[in-house]
Amino acid sequence: MTVPTRKLEVACPVCGSTEVFYTCTPNCCFNHVCSGCGSTFEPVTTKAGGMRTGVLSPDPLPEASDPTVACAKCDATTVYMMEDKFLVCASCGSVLALEITEIARG
Ligand SMILES: [Zn+2]
Ligand SMILES: [Zn+2]
């Protein structure tokens, strides 16, 4: 059994645009900016319960400016989206839910 995934997609909490870019690096912060309205925010994950095995990384892999979030369990940034819209960590297999924090309207 394998679990196909695709790149993480994060919608702007202010205007709903998915034209959202990651502007920092994982060893600093998870500040993202929306190209639609200029708002900034930080996505975080919480454990949704459950584990998956055989998680496949998306192909192609996300780029550095694509939305990025850390796993609530193991801190890896290999967090991708499953077909049911839940997130899964390709490193430890935890099923995760997305939350948006630190919202600053643009
Ligand atoms: Zn926006
Ligand atoms: Zn993990």
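This one's a predicted model, so the numbers in the text were calculated from it and none came from an experiment.

Trainee: An account of the overall build of the protein is requested, with residue identities and associated values reported.
Mentor: Scanning the protein for helices and strands turns up zero helices and six strands. Seen in sequence order, the protein has helices and strands lined up from the N terminus as β-β-β-β-β-β. The globule rule puts the C-alpha radius of gyration for 106 residues at 13 Å, and the 13 Å found for the protein is close to it. Across its three principal axes, the protein shows a C-alpha extent of roughly 45 × 25 × 25 Å. For the protein, the proportion of its 106 residues judged to be buried stands at 33%.

Trainee: Would you mind going over the coordination of the zinc ion (ligand 1) in detail, with residue names and values included?
Mentor: Here the zinc ion (ligand 1) is held by Cys12 (SG), Cys15 (SG), Cys34 (SG) and Cys37 (SG), and the distances to it run 2.3 Å. Given four donor atoms and angles of 104 to 113° at the metal, the environment of the zinc ion (ligand 1) is assigned as tetrahedral. In primary sequence terms, the donor set of the zinc ion (ligand 1) follows C-x2-C-x18-C-x2-C. Look at Cys34 and you get buried, because its relative accessible area is 2%. For Cys37, a relative accessible area of 27% gives the class partly exposed.

Trainee: Talk me through the coordination of the zinc ion (ligand 2); I want residue IDs and the actual numbers.
Mentor: For the zinc ion (ligand 2), the protein coordination sphere consists of Cys71 (SG), Cys74 (SG), Cys89 (SG) and Cys92 (SG), at 2.3 to 2.4 Å. Considering all four donor atoms around the zinc ion (ligand 2), angles at the metal cover 107 to 114° and the coordination shape is tetrahedral. Taken in chain order, the donor set of the zinc ion (ligand 2) reads C-x2-C-x14-C-x2-C. Of the two residues, Cys74 sits in the loop between β3 (40-51) and β4 (79-81) while Cys92 sits in the loop between β5 (87-89) and β6 (94-104), which places them 18 residues apart along the sequence.

Conventions used here
- Residues numbered from 1 in each chain as written.
- Chains lettered and ligands numbered in written order.
- Predicted model: local features only at pLDDT ≥ 70, side-chain atom pairs only at ≥ 80, totals over all residues.
- Heavy atoms only, no water.
- Helix = DSSP H or I, 4+ residues; strand = E, 2+ residues; numbered from the N terminus.
- Rg over C-alpha atoms; globule rule 2.2 N^0.38 Å.
- Buried < 20%, exposed > 50% of the residue type's maximum accessible area, 1.4 Å probe, protein only.
- Donors = N, O, S within 2.8 Å, 3.2 Å for Na, K, Ca; no water.
- Tetrahedral: all angles 85-135°; square planar, octahedral: opposite > 155°, others 65-115°.

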